[in-house]
Amino acid sequence: MRASGSPRSPIPRALVAVATAALALVSVAALPDAGSGAAPPAAQRPDATHTIEIHVGVAGVAYIGQPLGDLVHRFPAAQVEAFAKQADAAVVRIPDAGISCYVVGDDPKDLRVASVGFNFEETYQGVSEAGYRTSKGIGKGSTVNDLLEAYGPAEILGDRAQPPALRRHAPPEDPNAPRKYQYASPDASVKTYFVVEGARVLRVVINHLAPLDKHILKNRPKG
């Protein structure tokens, strides 16, 4: 993801999201079921019927703007961890479903997805690969040529951006190092990037920029 403890402790079921900055890693079973009154569904791996739309996510499953309560209701095996001891931001990992998210918000009881990633291949930060594909067919087994054919020219970023002054003196980049092939939404409020290593497309991450800047990147160094 873009921006991307203490012992386990239960959270009152009346809360839909992270209650305080003291929240670290918790079991999703300790979170409420988003007020539906229905028993949470069993954890399940995604299948080919789940399609990623860039700049959105997977509608009804994991998507930009989704309430945290709804996300954990759908994925009871998810793990929620406070981001940098903040009450207004948390990281969600759903290892068996290949999904990771940042959820943020002004109200700690109403955190919403501002960044969501889907892992196509290998294991990344404890999140396994899963069977999601984009609406244009990009997923496990896709190459960078497939990506460019499907979505057109992209802004290409190194895995770790450097200031121009440092970049001039940096050693040549490894051609097989990860690259981010990034696409902006029409209004540039959301950016989606695909991580490419060698010729393989490994994962996709969708970022809603304004809430991430406000809650995740607010303490970044100036200048």
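Treat the numbers as computed from the prediction; the structure is a model and nothing was measured.

S.K.: Quick question: what am I supposed to make of the packing of aromatic side chains here?
M.R.: Two numbers describe a pair of aromatic rings. These are the distance of the centres and the angle of the planes. Counting across every chain of the model gives five aromatic pairs. With centroids separated by 5.3 Å and ring planes inclined at 65 degrees, the aromatic side chains of Phe-118 and Tyr-132 adopt a geometry described as edge-to-face. Placement of Phe-118 in strand β8 (residues 112–119) and of Tyr-132 in the loop between β8 and β9 (133–134) is noted, with a sequence separation of 14 residues between them. Of the residues examined, Phe-118 reaches a relative accessible area of 1% and is grouped as buried. Ring plane angle 55 degrees and centroid distance 5.8 Å describe the contact between Tyr-151 and Tyr-183, whose orientation is recorded as tilted. Of this pair, Tyr-151 sits in helix α2 (residues 144–151) while Tyr-183 sits in strand β11 (residues 179–184); the two residues are 32 residues apart in sequence, bridging distant segments of the chain. Accessibility classification places Tyr-151 together with Tyr-183 in one group, the buried group. By the ring-pair criterion, three or more aromatic residues cluster together here, those being Tyr-151, Tyr-183 and Phe-194. Its end group placed over the ring of Tyr-124, Arg-203 keeps NZ or CZ at 3.4 Å from the ring centre.

S.K.: So what exactly am I meant to see when it comes to the environment of Tyr-63 here?
M.R.: Topologically, Tyr-63 is positioned in strand β4 (residues 62–63). In the structure, Tyr-63 is positioned eleven residues away from Ile-52 in sequence and 8.9 Å away in space, judged by C-alpha atoms. Leave out the neighbours within four places in its chain, and Tyr-63 touches Val-56, Gly-57, Val-58, Asp-70 and Val-113.

S.K.: Would you mind showing me how to read the environment of Gln-182 here?
M.R.: Of note, Gln-182 is situated in strand β11. When the C-alpha positions of Gln-182 and Pro-153 are compared, they lie 9.0 Å apart, and in sequence the two are 29 residues distant. Not counting chain neighbours up to four residues away, the residues in contact with Gln-182 comprise Ala-154, Glu-155, Leu-157, Lys-191, Thr-192 and Tyr-193.

S.K.: Would you take a moment to explain the confidence of the model for the protein chain for this structure?
M.R.: Detailed reading of the predicted coordinates is not advisable wherever pLDDT is low. Predicted confidence across the protein chain gives a mean pLDDT of 78, with 68% of residues reaching 70 or more. Considering only residues more than four positions removed or in separate chains, one finds that residues 4–46, a stretch of pLDDT under 50, has 97 contacts. Under a pLDDT of 50 for its full length, residues 161–168 has, in the predicted model, two contacts with residues more than four places off or in other chains.

S.K.: Honestly, α2 in this entry has me stumped. Any pointers?
M.R.: In an α-helix there are 3.6 residues to a turn, and that puts residues three or four apart on one side. When we look at burial in α2, the residues that qualify are Val-144, Leu-147, Ala-150 and Tyr-151. Relative to the axis of α2, the buried residues are bounded by an arc of 125 degrees and lie together on one face. Exposed and facing more than 90 degrees away from the buried side of α2 are Asn-145 and Glu-149. Buried-residue contacts for α2 involve β9, β11, β12 (190–197) and β13 (200–208). Phi turns positive one or two residues past the end of α2, at Gly-152, with a value near 85 degrees.

Definitions and limits used
Residue numbers run consecutively from 1 along every chain, following the written order of its sequence. The model is predicted, so local features are restricted to residues of pLDDT at least 70 and side-chain atom pairs to those at 80 or more, both for listing and for counting; the totals for chains, interfaces and linings are taken over all residues. With hydrogens and water excluded, all non-hydrogen atoms of the structure serve as input to the side-chain values. Here is the rule: rings of Phe, Tyr and Trp (six-membered ring for Trp) pair when centre to centre is within 6.5 Å. Planes less than 30 degrees apart are stacked, more than 60 are edge-to-face, and the remainder are tilted. Secondary structure counts use DSSP, requiring at least four H or I residues in a row for a helix and at least two E residues in a row for a strand, with both numbered from the N terminus. Only protein chains enter the area calculation, which uses a 1.4 Å probe; residues under 20% of their type maximum are buried, those over 50% are exposed, and those in between are partly exposed. In our convention, an over-ring charge means Lys NZ or Arg CZ found within 6 Å of a ring centre and within 35 degrees of that ring's normal. For this analysis, residues touch if any pair of their heavy atoms sits within 4.5 Å. Think of pLDDT as the predictor's per-residue confidence, scored from 0 to 100. Our arc is simply the arc of the directions from the helix axis toward the C-beta atoms.

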